[in-house]
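Listed below, chain by chain, are the residues.
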Amino acid sequence: MEFDFVIVGGGSAGSTMAARLSEDPNVTVCLLEAGGRGTSILLRAPVGAVLALPGYGKLFNWAFKTVPQPGLNGRRGYQPRGRALGGSSAINAMLYAVSYTHLTLPTIYSV
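What you see is a predicted model; the values in this text were computed from it and never measured. The written sequence of each chain sets the order in which its residues are numbered from 1. With the structure being a predicted model, the display of local features is reserved for residues of pLDDT at least 70 and the display and counting of side-chain atom pairs for 80 or more, all residues being used for whole-chain, interface and lining totals. Water and hydrogen atoms were dropped before computing side-chain values, which therefore reflect all heavy atoms in the structure.

**Quick look at the side chain of N61**
- Note that N61 resides in the loop between helix 2 (41–44) and strand 3 (64–65).
- With a relative accessible area of 1%, N61 lands in the buried category.
- A 3.5 Å cut-off defines polar contacts: any pair of N or O atoms within that distance qualifies, except that in protein one atom must be a possible hydrogen donor and the other a possible acceptor, and neighbouring residues in sequence count only when both atoms are side-chain atoms. A polar side-chain atom of N61 sits 2.8 Å from the main-chain amide nitrogen of A63.
- A polar contact is formed between the side chain of N61 and the backbone nitrogen of R81, at a distance of 3.0 Å. Note on conventions: DSSP H or I runs of at least 4 residues are helices, E runs of at least 2 residues are strands, and numbering of each starts at the N terminus. Partly exposed describes any residue whose relative accessible area lies between the buried limit of under 20% and the exposed limit of over 50%, with all areas from a 1.4 Å probe on protein chains only and scaled to the type maximum.

Printed below as a string of structure tokens:
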């Protein structure tokens, strides 16, 4: 098979580039992604974010470790990287933290 463009990596940027290039009907594009299609319910449901945590395998996550960090007493940092179509965006659980230092529960949940 021959292609006009071969894009390696189906993350956010690679997928966008492939989509834009393929808008021209005279161009053939091959998008290569080492992970899966990214359509698993484990990626779509927020509870699946647990799969991106250290120690939960590499099903949708490359789970890289940094080199030993002097500022961390030589420990290695955990670097989650998505392993699916969409790249790290596929494992983004859209989690956020709320500071309760100045809020009370009735204030948070009042309408």
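More follows now that the structure is in view.
**A short note on the confidence of the model for the protein**
- For the protein, mean pLDDT is 80; residues scoring 70 or higher make up 72% of the total.
- Mean pLDDT in the protein bottoms out at helix 3 (residues 105–109), which sits at 55, and peaks at strand 1 (residues 5–8), which reaches 96. Here pLDDT means the predictor's own confidence in every residue, given as a number from 0 to 100.

**Observations concerning the pattern of salt bridges**
- Each salt bridge in this description consists of a side-chain nitrogen of Lys or Arg and a carboxyl oxygen of Asp or Glu lying within 4 Å of one another. The final tally for this structure, using the stated rule, is one salt bridge.
- One salt bridge in this structure joins R20 and E23, with 3.8 Å as the shortest N-O distance. Pair check on accessibility: R20 and E23 agree, each one exposed.

**Considerations on a nonpolar patch on the surface**
- Every patch collects residues that have over 30% relative accessible area and no salt bridge, joining them within 9 Å if they carry like charges and within 5 Å if they are nonpolar side chains (Val, Leu, Ile, Met, Phe, Trp, Tyr). Values of accessible area rely on a 1.4 Å probe in the Shrake-Rupley scheme; residue burial ignores everything except the protein chains shown. Side chains of M1, F3, V6, V8 and L32 sit close together on the surface and give an oily, nonpolar patch of about 580 Å² of accessible area.
- As for its position among the elements, L32 is in strand 2 (residues 29–32).

**Digging into unusual backbone geometry**
- We note that A63 has phi near 50 degrees; this positive angle belongs to a residue other than glycine.
- With respect to the helices, strands and loops of the structure, A63 is situated in the loop between helix 2 and strand 3.
- According to the relative accessible area criterion, A63 is buried, its value standing at 17%.
- Residue N73 is not a glycine yet carries a positive backbone phi of 55 degrees.
- Relative to the helices and strands, N73 resides in the loop between strand 3 and strand 4 (78–79).
- Judged by relative accessible area, N73 falls into the exposed class, the value being 74%.

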